[in-house]
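Reading the structure
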Amino acid sequence: MLAPVAPTRAPLAHGRPFAHIAQFHPELTALRRDLHAHPELGFEEVYTSARVQEALRLCGVDEVHAGIGRTGVVGIIKGRSNKSGKMMGLRADMDALTMTEGNDFPWKSTKSGMMHGCGHDGHVAMLVGAARYLAETRNFDGTAVLIFQPGEEGFAGAKAMIEDGLFQRFPVESVYAMHNWPGLKPGCFGIRHEAMMAAADRITIEITGKGGHGAHAYLAVDPVVVAAHIITAVQSIVSRNVKPVDGAVISLCAMSAGDLHAMSVIPGKATLVGTVRTFRPEVQEMVERRLNELCSAVALGFGATASVHYERIYPATINTPRETEFAASVAESLVGAERVTRDMEPSMGAEDFSFMLQVKPGAYLRIGQGGEGNCMLHMTRYDFNDEILPLGSALHAGLVEQGMPLAHPA
C-alpha cells in the first residue's frame, strides 16, 4: 500500500465489518488515489492489475489468479470452515475512460486523454478493503471469489472473463457488483428487482443516393435529405410502437456525409450512427425490426437505399429476485432501512455486469456517492468520494458473511 493519508469523515454505519475496515480507511484512500493518477483503458490495465495483485497478497488472500480475460484478476479467500461448500462472487471493474481530466488535485490523472471518470478506481479500492477484512477475520463458511474485471467501458470485459473460464474455474452460486451513484447521498444504497440498467445497442445506417452538383440538385438523389427525414422519422418508433410503461430510447448521435470544404457537392452516401436502449428483449427486437422497415421505406420514397447494421453490445442488467432481497437486507443491516431504496429508478445507461447475471443469479447495487453537478459520472471534473470507501467494503464483506454464515460465528 501507499503511505497513509488523512481520511475524510466516513458515513455512519452499523456492524463489525464497517468498524474494522474504517481502521484502514487511510490505506484504501491512498490506493484509490494512486489508481486515479494512473488510469488505464480496457484490456490495458497492466499497472492496475499489478497493484491489485500486490494488494491482495498483502491482504493475505489464499490465492491470486491473474490474466483471466486478458488483464482480469481473481482473489480467493477461504472462510474459517467450508461445511456448506458455498462460493460467492464479488466483482469490481478496473478500467478508465478516454477523457481529459479537468481536476487539479494532487492525484489527478498523469496520462493525457485518460481519466477515471466513472469511479472504477473506487470500486477496486472497496473490493480490496473487503479482501483485507475477510482475510483477517474469515468469519464465514465457504469461499469468497473477488473478481477484478477489465474493460467494462465498452469492451465487454465481463464477457471476456466468462469466455476465459471464469465460472468454470470458480463456480460461484451467486455474484454481486456495486457502482457509485452521484444521485444518492453518501451512506445510502439503491437497488431494485429486475432491470437496473438498460441494454445498449449500436446502430449504423448507411444511405446510398446519387451524388451531383448542388446547383443541379434535381439530377441527384441527395442522401443528406434522406438522412434528415430518417432522423425525424426514427423518433416515431418509440412514441408510436413502444408501450408507455416500457422504456426505450433511440438516439442518432453522429452523421457523416460530404466534405465541409465542398459547399456545392452533393455526396453519394451518408452514414448515421447512434444507440438504442431497452429493458425487455421483445422491445429490443421490435425496435430493430422497425428501424430496418422504416429506414428502407423512407429512403425508397426518395429513390435512395438504406441499410441498417444493428449491433447488440450489452444486454440489460437484470437482478434476480432472491439475490436482490438478500443484498437489500445486507445494506439495511449496515445503514438502516431508511437509507436503502429498494425500488430505485432504473437507468438507461448500460453495464457489462449484465453478462455475469445472464450466467449466474445475482444483484447490482448503487452506493451513494453524492456530489451532483460537476461530479456526475463521465464528466471531466468527476472524482470518486473517498468518504464512502469503508462503507462499500463493508457491504461487500456483509454479503459474504451473511450469505455464507458460520454455524457459530466468533
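Given the structure is predicted, the values throughout are model-derived calculations rather than measurements.

The rules behind these values
- Residues numbered from 1 in each chain as written.
- Predicted model: local features only at pLDDT ≥ 70, side-chain atom pairs only at ≥ 80, totals over all residues.
- Heavy atoms only, no water.
- Phe/Tyr/Trp six-rings, centres within 6.5 Å; stacked < 30°, edge-to-face > 60°.
- Helix = DSSP H or I, 4+ residues; strand = E, 2+ residues; numbered from the N terminus.
- Buried < 20%, exposed > 50% of the residue type's maximum accessible area, 1.4 Å probe, protein only.
- Lys NZ or Arg CZ within 6 Å of the ring centre and 35° of its normal.
- Core = buried A, V, L, I, M, F, W, Y, C linked by side-chain atoms within 4.5 Å.
- Contact = heavy atoms within 4.5 Å.
- Pairing = 2+ DSSP bridges.
- Domains from an automatic or database assignment.
- Buried area = accessible area lost by both parts, 1.4 Å probe.
- Axes fitted to C-alpha atoms, helices over the stretch in contact; angles between N-to-C directions.
- Parallel < 35°, antiparallel > 145°, perpendicular 65-115°, else oblique.
- Nonpolar A, V, L, I, M, F, W, Y, C, P; charged D, E, K, R; others polar.
- Polar contact = N/O pair within 3.5 Å; in protein donor to acceptor, adjacent residues only side chain to side chain.
- Patch = residues over 30% accessible without salt bridge, like charges linked within 9 Å, V, L, I, M, F, W, Y side chains within 5 Å.
- Areas by Shrake-Rupley, 256 points an atom, 1.4 Å probe, with all protein chains shown as cover.
- Salt bridge = Lys/Arg side-chain N within 4 Å of Asp/Glu carboxyl O.
- pLDDT = per-residue confidence, 0-100.
- UniProt positions renumbered as here; feature names shortened; annotations may be inferred.

Looking now at the packing of aromatic side chains. Counted by the stated rule, this structure contains five aromatic pairs. A centroid spacing of 5.9 Å and a plane angle of 80 degrees characterise the contact between F43 and F155, whose relative ring orientation is edge-to-face. Of the two residues, F43 is situated in the loop between α2 (25-37) and α3 (46-59) and F155 in the loop between β4 (143-149) and α5 (157-163); the sequence distance between them amounts to 112 residues. Of the residues examined, F155 reaches a relative accessible area of 41% and is grouped as partly exposed. When the centroid spacing of 4.4 Å and the interplanar angle of 15 degrees are considered together, the rings of F105 and W107 count as stacked. Between R366 and the ring centre of W181, over which it is positioned, the NZ or CZ distance is 4.0 Å.

All right, on to the nonpolar core then. Core analysis: the largest hydrophobic core is formed by 62 residues, its most contacted members being I77, F148, F189, L395 and L399. By residue number, the principal contributor to this core is helix α4 (residues 120-137), which donates 10 residues. Those residues in contact with F148 that sit more than four places away from it in its chain are V52, L56, G72, V73, A92, M94, V124, L127, V128 and M161. In terms of nonpolar packing, the next biggest core, distinct from the first, is built from 28 residues, A248, L272, V276 and M286 among them.

Extensive coverage of strand β5 (residues 174-181) is indicated by the burial of seven of its eight residues. Note that strand β3 (residues 87-93) and β5 share four bridges and pair parallel. In the strand pairing of β5, L90 is matched with Y176. For β5 and strand β16 (residues 362-368), the ladder comprises seven bridges, and the chain directions are parallel.

On to the domain arrangement of the protein. Domain boundaries in the protein define domain 1 (16-197 + 316-403) and domain 2 (199-314). On a C-alpha basis, the centroid separation for the pair domain 1 and domain 2 is 38 Å. Residue-level contacts link 19 residues of domain 1 with 10 residues of domain 2. Overall, the association of domain 1 and domain 2 removes approximately 920 Å² of surface from exposure, summing both partners, and the carbon and sulfur fraction of that is 71%. Together, A316, M348 and A350 form the three largest contributors to the area buried by domain 1 at its contact with domain 2, with a combined 59%. Elements with a minimum of two residues in the side of domain 1 that touches domain 2: β7 (194-197) and α10 (353-359).

Axis separation between α2 and helix α11 (residues 389-403) bottoms out at 9 Å; the angle between their running directions is 100 degrees. When the axis of α2 is compared with that of α11, the two are roughly perpendicular. In contact with H25, L28, T29 and R32 of α2, α11 contributes L389, P390 and S393. Across the contact of α2 with α11, the residue classes break down as three nonpolar, three polar and one charged.

With that settled, consider the environment of T380. Here T380 lies in the loop between β16 and α11. Accessibility expressed as a relative area gives 38% for T380, which makes it partly exposed. Sequence separation between T380 and G268 is 112 residues; the distance between their C-alpha atoms is 38 Å. In this structure, T380 is in contact with M99, T100, E101, G102, N103 and M115, ignoring residues within four places of it in sequence.

Right, let's get into the side chain of T71. Looking at the secondary structure, you find T71 in the loop between β1 (63-68) and β2 (72-78). Of the residues examined, T71 reaches a relative accessible area of 11% and is grouped as buried. Within the structure, the side chain of T71 is placed 2.6 Å from the side chain of E45, a separation counted as a polar contact. Setting aside anything within four residues of it in sequence, one finds T71 in contact with F43, E45, S49, M94 and P150.

It is worth spelling out a nonpolar patch on the surface at this point. Together, V224, I231 and M255 give the surface a local cluster of nonpolar side chains, amounting to about 210 Å² of exposed area. Looking at the secondary structure, you find V224 in helix α7 (residues 223-241).

Averaged over every residue, the pLDDT of the protein is 95; the share at 70 or more is 96%. Between residues 1-8, whose pLDDT stays under 50, and residues either more than four places distant or in other chains, the model counts 18 contacts.

Turning our attention to the sheet that holds β16. With mixed pairing, eight strands are arranged side by side in an open sheet as β1-β2-β4-β3-β5-β16-β6-β15. Among the strands making up the open sheet, the edge pair consists of β1 and β15 (340-341). Packed on one face of the sheet, α3 meets β1, β2 and β4 and runs near 10 degrees to β2. Packing against the sheet, helix α9 (residues 321-335) makes contact with β3, β5, β6 (189-190), β15 and β16, and its axis sits at approximately 30 degrees to β16.

Next up on the list: the sheet that holds strand β8 (residues 199-208). Think of a sheet as strands paired side by side through backbone hydrogen bonds, with each pair either parallel or antiparallel. Read across the open sheet, the four strands follow the order β10-β12-β8-β13; overall the sheet is antiparallel. Looking at strand neighbours, the two that pair on one side only are β10 (248-257) and β13 (305-314), the edges of this open sheet. Averaged over all pairs of adjacent strands, the angle between their axes in this sheet comes to 20 degrees, without regard to strand direction. Pairing of β10 with strand β12 (residues 269-278), which is carried by nine bridges, proceeds in the antiparallel orientation. Across the sheet, residue L252 finds its bridge partner in β12, namely G274. Against the sheet, α7 makes contact with β8, β10, β12 and β13, and its axis sits at roughly 175 degrees relative to β10, the strand it touches most.

What follows is about the UniProt feature "domain: Peptidase M20 dimerisation" (unreviewed entry) in the protein. Feature annotation in UniProt places "domain: Peptidase M20 dimerisation" (unreviewed entry) on residues 203-298, given in this structure's numbering. Secondary structure within residues 203-298 divides into 39% helix and 31% strand; the distance between the first and last C-alpha atoms comes to 17 Å.

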